[in-house]
Amino acid sequence: MAPTHHTIDYVEFAAPDLDRAKAFYGEAFGWAFNDYGPDYAGIRAPEGDGEVGGLNPHATAGSGMPLVILYSDDLDATVEAVRSAGGQITQEPYEFPGGRRFHFTDPGGNELAAWSTS
């Protein structure tokens, strides 16, 4: 897939503990990775061709903007998957015009959110 001009092409997360970050995202969301040694892991694109992001163990984690928001077909199941994988729910699911969403931090301290239309 060719990159598109002026669109978000790649998202990189701080991952102070690279193995823990890979385990969390793999367990919570089923993500797969391309390993580039102990210093980086690429997040494989859902269709398996290319990458959509990466995990950087040299970056500093923390919450703040911009906020990465994931889509979920089943928000309640996603909440439980995040908890089970070791994530911390920072804002329980709430309704907004168009659906529901919640916020969480990964084990490295990055803040993300997930939303659903129902």
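Our subject is the structure that appears above.
For clarity, every value in this text was computed on a predicted model and none was experimentally measured.

**So, the overall build of the protein chain**
- Looking only at helices and strands, one finds 2 helices and 8 strands in the protein chain.
- Secondary structure elements of the protein chain occur, N-terminal to C-terminal, as β-α-β-β-β-β-α-β-β-β.
- Its C-alpha radius of gyration of 14 Å places the protein chain within 12% of the 13 Å reference for a compact globule of 118 residues.
- Projected onto its principal axes, the C-alpha coordinates of the protein chain cover approximately 40 × 30 × 25 Å.
- Burial analysis of the protein chain (118 residues in total) assigns 36% to the buried set.
- Here the contacts in the protein chain between residues at least 6 apart in sequence split such that 46% fall between residues at least 24 apart.

**Focus: helix H2 (residues 75–84)**
- Within the span of H2, buried status applies to Leu75, Thr78, Val79 and Val82. Buried positions in H2, seen along its axis, are confined to an arc of 105° and lie on one side of it.
- In this structure, the buried residues of H2 make contact with helix H1 (18–29), strand E6 (88–96), strand E7 (99–105) and strand E8 (111–116).
- Downstream of H2 by one or two residues, Gly86 has phi in the positive range, about 105°.

**Comments concerning the packing of H1 against H2**
- At a minimum axis separation of 8 Å, H1 and H2 run at an interaxial angle of 150°. Classified by the angle their axes make, H1 and H2 are roughly antiparallel. Note on packing geometry: the crossing formed by H1 with H2 is right-handed. In this structure, H1 uses Phe24, Glu27, Ala28 and Phe29 to contact H2, whose residues at the interface are Thr78, Ala81, Val82 and Ser84.

**A few points about the sheet that holds strand E3 (residues 41–44)**
- Sheet architecture is open: 4 strands sit in the order E1-E4-E3-E2, paired in mixed fashion. Strands at the two margins of the open sheet, each flanked by one partner only, are strand E1 (11–14) and strand E2 (33–35). Geometrically, the sheet is characterised by an average inter-axis angle of 25° between neighbouring strands, direction not taken into account.
- With 4 bridges connecting them, E3 and strand E4 (residues 51–56) associate as antiparallel partners. Its bridge partner being in E4, Ile43 is matched across the sheet by Gly53.

Calculation notes
Residues numbered from 1 in each chain as written. Predicted model: local features only at pLDDT ≥ 70, side-chain atom pairs only at ≥ 80, totals over all residues. Heavy atoms only, no water. Helix = DSSP H or I, 4+ residues; strand = E, 2+ residues; numbered from the N terminus. Rg over C-alpha atoms; globule rule 2.2 N^0.38 Å. Buried < 20%, exposed > 50% of the residue type's maximum accessible area, 1.4 Å probe, protein only. Contact = heavy atoms within 4.5 Å. Arc of directions from axis to C-beta. Axes fitted to C-alpha atoms, helices over the stretch in contact; angles between N-to-C directions. Parallel < 35°, antiparallel > 145°, perpendicular 65-115°, else oblique. Left-handed = near helix turned anticlockwise from the far one by under 90°. Pairing = 2+ DSSP bridges.

Keep in mind that these numbers describe shape and distance, not what the molecule does.
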